[in-house]
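Coordinate analysis (summary)
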Amino acid sequence: MKHTAQEIIDQYGPAYFGRMGASISHDIKNCLAIMNENAGLMSDHLMMAQKGVPPDIDRFSGIVQRIEKQINRADDIVKSFNKFSHSMDKPEQQIDLDEAVGLALNLGARIIANKSITVTHTRAADKLYVNGSFFFLLFLIWSILEKITENLASGTVLNISSMEDENKQVCLSFQCERPFASDFGLQSSDQILDLFQAKIVLDDQHNRADLIFGN
Amino acid sequence: MSNEKVLIIDDEQDFTDALAERMTTRGMTVSTSSSAIEGLKNVEEHSFDVVVLDLQMPEMDGIETLKILKKKKPELQVILLTGHATVEKGIEAMKLGAMDLLEKPADMTTLTEKIKKAQAQKMILVEKKSEERIKNIMETRGW
């Protein structure tokens, strides 16, 4: 049964958006907590200085650096979330595939980290483009990633690389040293695969899945 | 000056470093662990009054860690820290024996008060345990 983009959005959009929103807000809270403790630490040092303890400039410098690091981290997280929020603006567009992979990974970074799985991303030498909805592409990449990492042991390294295959079709390859799920029977993914005229090809060893785009 | 022995378990090292230094300034003896596994090992090897435990960590989360901690050392007091405290999580943590659940970023005055209260609670439990042990010995020997 074919589904329209609107039907898929209505069915899966809020759940995906909510999941990513929860993960991202958690990360922002962590940044705020670190800034809070370091600002408090600075305040403690100032109070000691007021009581006559000579201020330690190196210590102050270290605290400032930690706060700056968290400001940059939080800024990156918010930028990713803003891009994600705008991914539904256009129903169809030309999408830089590696940009989409990078964003999908940034959005779900905490969820992946909690599984203790390392995901590496190898970008194609030249930019590769896919036509369609940015939001659905993010969702598709994430759905495959979740399916693959579902049963992977902690400590596993998974590599995602973009390339053009022998038929000049744009391809996203998910590869790891251990076998992963034996099927990709995700209803949501199947419906979105149709939107991109894409297919998933699993190799015999079940440790590589290629997402091949038809458009 | 009080001397609460506290262990902070959190995977954000910049957080544990700053929090540990602030708590040390307030008279506590503080150790840190950057994972649940490391924290559990630390608890096995050293004596603590209170564990300040992050709820969401890789490999093993705070709830799972709390279960093991309470099984190994029931008198040990655990304060959970979380980015987003929900009623459900709070209830679950309390049922498993957590002393409290605080939301990040936590206020230092509140956290210090909770730690002092937790240490007092631990002392009561340790005393109770000692009393029971003495009572048992006396009963066994017919005194």
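Just above, that's the structure.
So, here is what we can say about the structure in this document. In this text the structure is predicted, and so the values were computed from the model without any measurement. (Residues numbered from 1 in each chain as written. Chains lettered and ligands numbered in written order. Predicted model: local features only at pLDDT ≥ 70, side-chain atom pairs only at ≥ 80, totals over all residues. Heavy atoms only, no water.)

1. Observations regarding the overall build of chain A
What counts here: For helices the rule is a DSSP run of H or I covering at least 4 residues; for strands it is a run of E covering at least 2, with both sets numbered from the N terminus onward. Computation of the radius of gyration draws on C-alpha atoms alone. For the globule rule, the value is 2.2 Å times the number of residues to the power 0.38. Only heavy atoms enter the contact rule, under which two residues are in contact if any of them lie within 4.5 Å. Per-residue accessibility takes into account occlusion by the displayed protein chains alone, with areas from the Shrake-Rupley method and a 1.4 Å probe. Working convention for charge: Lys and Arg count positive, Asp and Glu count negative, and His plus the chain ends are omitted. For charged residues, the charge sits on one atom: NZ in Lys, CZ in Arg, CG in Asp, CD in Glu.
Along the backbone of chain A there are six helices and seven strands. Tracing chain A from N to C terminus, the helices and strands come up as α-α-β-α-α-β-β-α-β-β-α-β-β. Its C-alpha radius of gyration of 21 Å places chain A more than 25% over the 17 Å reference for a compact globule of 215 residues. For chain A, the C-alpha atoms occupy an extent of roughly 75 × 35 × 30 Å along the three principal directions. Long-range pairs, those at least 24 residues apart, make up 74% of the contacts in chain A with a sequence separation of at least 6. As displayed, chain A offers around 10700 Å² of accessible surface, 52% of which is attributable to carbon and sulfur atoms. Between the averaged position of the 20 positive side-chain charges in chain A and that of its 28 negative side-chain charges there is a distance of 6 Å.

2. A word on the packing of aromatic side chains
The test is simple: Here the aromatic set is Phe, Tyr and Trp, taking the six-membered ring for Trp, and pairing holds for ring centres within 6.5 Å; pairs whose planes are under 30 degrees apart are stacked, those over 60 apart are edge-to-face, and all others are tilted. In this analysis the charged atom, NZ for Lys or CZ for Arg, is taken to sit over a ring once it is within 6 Å of the ring centre and within 35 degrees of the ring normal.
The full count for this structure, using the stated rule, is nine aromatic pairs over all chains. Among the aromatic side chains, those forming a connected cluster through ring pairs are A:Tyr16, A:Phe17, A:Phe81, A:Phe84, A:Phe135, A:Phe136 and A:Phe139. In this structure, B:Lys104 packs its charged tip against the face of B:Phe15, placed 4.7 Å from the ring centre.

3. What about the sheet that holds strand β5 (residues 170-176) of chain A?
All names here are of chain A. To keep it simple, the criterion reads: The criterion for strand pairing is that DSSP finds at least two bridges linking the strands in question. In this analysis, axes come from line fits to C-alpha atoms, helices being fitted only over the stretch in contact, and the angle between any two N-to-C directions falls in the range 0 to 180 degrees.
Spatially, five strands are ordered β2-β4-β5-β7-β6 in an open sheet, and the strand pairing comes out mixed. Each edge of the open sheet is held by one strand with a lone partner, namely β2 (118-122) and β6 (199-202). Geometrically, the sheet is characterised by an average inter-axis angle of 20° between neighbouring strands, direction not taken into account. Sheet topology places β6 next to strand β7 (residues 208-212); four bridges connect them, and they run antiparallel. The partner of isoleucine 200 across the bridge, within β7, is leucine 211. Relative to β2, helix α3 (residues 97-107) is tilted by about 165°, and along the sheet it contacts β2, β4 (157-164) and β5.

4. So, the interface of chain B and chain A
Worth spelling out the cut-off: Buried area is calculated as the accessible area (1.4 Å probe) missing from two parts once they are joined, with the contributions of both summed. Here, a salt bridge means any side-chain nitrogen of Lys or Arg that lies within 4 Å of a carboxyl oxygen of Asp or Glu. Contacts described as polar in this section are N or O atom pairs within 3.5 Å, which, within protein, must combine one atom able to donate a hydrogen with one able to accept it, while residues neighboring in sequence count only if both atoms come from side chains.
At the junction of the two partners, chain B supplies 21 residues and chain A supplies 23 residues. Buried area between chain B and chain A, both sides added, is near 2100 Å², and the carbon and sulfur share of it is 47%. Counting the contacts that link chain B with chain A gives ten salt bridges. Two residues, A:Asp44 and B:Arg22, come together in a salt bridge whose shortest N-O distance is 3.3 Å. For the interface between chain B and chain A, the tally reads 15 residue pairs in polar contact (both at pLDDT 80 or more).

5. Examining the environment of A:Asp165
All names here are of chain A. Here aspartate 165 shows up in the loop between β4 and β5. Separated by 78 residues in the primary sequence, aspartate 165 and serine 87 have C-alpha atoms spaced 27 Å apart. There is a polar contact of 2.9 Å between the side chain of aspartate 165 and the backbone nitrogen of asparagine 167. Among the polar contacts listed, one links the side chain of aspartate 165 to the backbone nitrogen of glutamine 169, at a separation of 2.8 Å.

6. Concerning the pairing of strand β4 (residues 77-82) of chain B
Residues and elements named next belong to chain B. The line we're drawing: A simple rule labels every residue: compare its accessible area, found with a 1.4 Å probe on the protein chains alone, to the largest value its type can have, and call it buried under 20%, exposed over 50%, or partly exposed in between. Every crossover in which the path from the first strand over the helix to the second runs clockwise, viewed with the strands pointing away from the viewer, is termed right-handed.
Where burial is concerned, most of β4 is hidden: six out of the six residues are buried. Pairing of β4 with strand β5 (residues 100-103), which is carried by four bridges, proceeds in the parallel orientation. Residue pairing in the sheet places leucine 80 in a bridge with leucine 101 of β5. One crossover worth recording links β4 to the parallel β5 by way of helix α4 (residues 87-95), and it is right-handed.

7. With respect to the nonpolar core
Residues and elements named next belong to chain A. How we decide: Among the buried residues, those of types Ala, Val, Leu, Ile, Met, Phe, Trp, Tyr and Cys that are joined through side-chain atoms within 4.5 Å form a nonpolar core.
In this structure, Tyr16, Phe174, Phe196, Leu211 and Phe213 are the most contacted members of the largest nonpolar core, which totals 57 residues. The element best represented in this core is helix α5 (residues 134-149), accounting for twelve residues. The contacts of leucine 211, once residues within four sequence positions are left out, are Leu140, Ile144, Val170, Cys171, Leu172, Phe174, Leu193, Ala198, Lys199 and Ile200.

8. A closer look at a nonpolar patch on the surface
Here is the rule: What goes into a patch is any residue over 30% in relative accessible area without a salt bridge, connected to like charges within 9 Å or, for nonpolar side chains (Val, Leu, Ile, Met, Phe, Trp, Tyr), within 5 Å.
Together, B:Ile134, B:Ile137, B:Met138 and B:Trp143 make up an exposed nonpolar region whose accessible area comes to about 450 Å². In this fold, B:Ile137 is placed in helix α5 (residues 108-140).

9. Considering the environment of A:Val101
Residues and elements named next belong to chain A. Mapped onto the elements of the fold, valine 101 is located in helix α3. Residues valine 101 and arginine 123, 22 residues apart in the sequence, show an inter-C-alpha distance of 9.2 Å. When neighbours within four sequence positions are excluded, valine 101 is seen to be in contact with His121, Ile141, Ile160 and Leu172.

10. Re the sheet that holds β5(B)
Residues and elements named next belong to chain B. What the five strands build is an open sheet, ordered β2-β1-β3-β4-β5; its pairing is parallel. Both outer strands of the open sheet, β2 (29-33) and β5, are each paired with one neighbouring strand and no more. Taking each pair of neighbouring strands and ignoring which way they run, the sheet shows an average axis angle of 20°. Along the sheet, helix α2 (residues 36-45) makes contact with β1 (5-9), β2 and β3 (50-54), crossing β2 at roughly 140°.

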